[in-house]
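Coordinates in review
The primary structure of each chain is shown beneath.
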Amino acid sequence: MNNVELFQRMIAGEIPGAPVAELIGMRMVAVEKGRVTFELDVGPQHTSPPGSLHGGILCDLADAAMGCANASRLEEGEKFTTVELKINFLKPVWSGRLTAVGQIVKAGRTLALTDCRITDEAGSLVAFATSTCMTLRTM
């Protein structure tokens, strides 16, 4: 089974997703090779002391979307690790559903550049992230 098929089974509820996704409350809702979508319903458990969504939660959401987008293109025997992540927080979030779309920008043999757009229910851009992933090959 390739990673796209694995992710489709997660979306269908046939197999569990990543424990961190359950902990945070985010869920994968769509996958195709090179592009993955997650959703998160923001609640009080996600807030920072001022009451808005904690930036680390946005980082987790973006990292999951970008990482899974990268994983969706990998071949058997390949894994990856994130070597760099950058995020721009563009507006505060207090509540509501967020959608994170991660996609491959450019992929080479060893490094891949991904990006993620996180939008609110009105389609307004909340955060924009980029990530560099390194492909690891098992012998």
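This one's a predicted model, so the numbers in the text were calculated from it and none came from an experiment. (Residues numbered from 1 in each chain as written. Predicted model: local features only at pLDDT ≥ 70, side-chain atom pairs only at ≥ 80, totals over all residues. Heavy atoms only, no water.)

**Some words on the pattern of salt bridges**
For the structure on display, the rule yields 7 salt bridges. Of the charged contacts in the structure, one is a salt bridge between Glu 39 and Arg 27, with a shortest N-O distance of 3.6 Å. Placement of the pair is Glu 39 in strand E2 (residues 35-42) and Arg 27 in strand E1 (residues 26-32), with a sequence separation of 12 residues. The buried category is assigned to Glu 39, whose relative accessible area is 17%. Using a relative accessible area of 28% as the deciding quantity, one classes Arg 27 as partly exposed. Notably, a salt bridge pairs Asp 41 with Arg 97, separated by 2.7 Å at the nearest N-O pair. Of the two residues, Asp 41 is situated in strand E2 and Arg 97 in strand E4 (residues 96-107); the sequence distance between them amounts to 56 residues. Note on Asp 41: relative accessible area 34%, which makes it partly exposed. On the accessibility criterion, Arg 97 (33% relative accessible area) is partly exposed. (Salt bridge = Lys/Arg side-chain N within 4 Å of Asp/Glu carboxyl O. Helix = DSSP H or I, 4+ residues; strand = E, 2+ residues; numbered from the N terminus. Buried < 20%, exposed > 50% of the residue type's maximum accessible area, 1.4 Å probe, protein only.)

**Focus on helix H1 (residues 3-11)**
You can read the cap of H1 off the contacts: a side-chain oxygen lies 3.0 Å from the backbone nitrogen of Val 4, and it is on Asn 2. Positive backbone phi, at 80 degrees, marks Gly 13, one or two positions downstream of H1. (Polar contact = N/O pair within 3.5 Å; in protein donor to acceptor, adjacent residues only side chain to side chain.)

**A closer look at the sheet that holds E2**
One open sheet accounts for 6 strands, arranged E1-E2-E4-E5-E6-E3; its pairing is antiparallel. What marks the edges here is a single partner per strand, and that holds for E1 and strand E3 (78-89). Shown here is a sheet whose adjacent strand axes are inclined to one another by a mean of 20 degrees, direction ignored. Taken together, the 8 bridges between E4 and strand E5 (residues 111-119) define a ladder with antiparallel strand orientation. Considered in E5, the bridge of Ala 107 is made with Ala 112. Across the sheet, helix H3 (residues 55-71) is in contact with E1, E2, E3, E4, E5 and strand E6 (125-137); its angle to E3 comes to roughly 140 degrees. (Pairing = 2+ DSSP bridges. Axes fitted to C-alpha atoms, helices over the stretch in contact; angles between N-to-C directions. Contact = heavy atoms within 4.5 Å.)

**Let's talk about the environment of Glu 84**
Structurally, Glu 84 can be placed in strand E3. Along the sequence, Glu 84 and Leu 113 sit 29 residues apart, while their C-alpha atoms lie 9.6 Å from each other. Those residues in contact with Glu 84 that lie beyond four places of it in its chain are Thr 130, Ser 131 and Thr 132.

**Considering the nonpolar core**
Counting residues in hydrophobic clusters, the biggest one holds 30 residues, and the most contacted among them are Met 26, Phe 38, Leu 58, Leu 61, Leu 98, Cys 116 and Ile 118. Listing elements by their share of this core, those giving two or more residues are helix H2 (19-24), E1, E2, H3, E4, E5 and E6. Apart from residues lying up to four places away in sequence, Leu 98 is in contact with Phe 38, Glu 39, Leu 40, Val 42, Leu 53, Leu 58, Leu 61, Val 93, Ile 118, Thr 119, Asp 120 and Val 126. (Core = buried A, V, L, I, M, F, W, Y, C linked by side-chain atoms within 4.5 Å.)

**Quick look at the side chain of Asp 120**
When you line up the elements, Asp 120 lands in the loop between E5 and E6. Relative accessible area serves as the criterion here: at 18%, Asp 120 is assigned to the buried category. There is a polar contact of 3.0 Å between the side chain of Asp 120 and the backbone nitrogen of Ala 122. Apart from the residues lying within four places of it in its own chain, the contact partners of Asp 120 are Lys 91, Arg 97, Leu 98 and Val 126.

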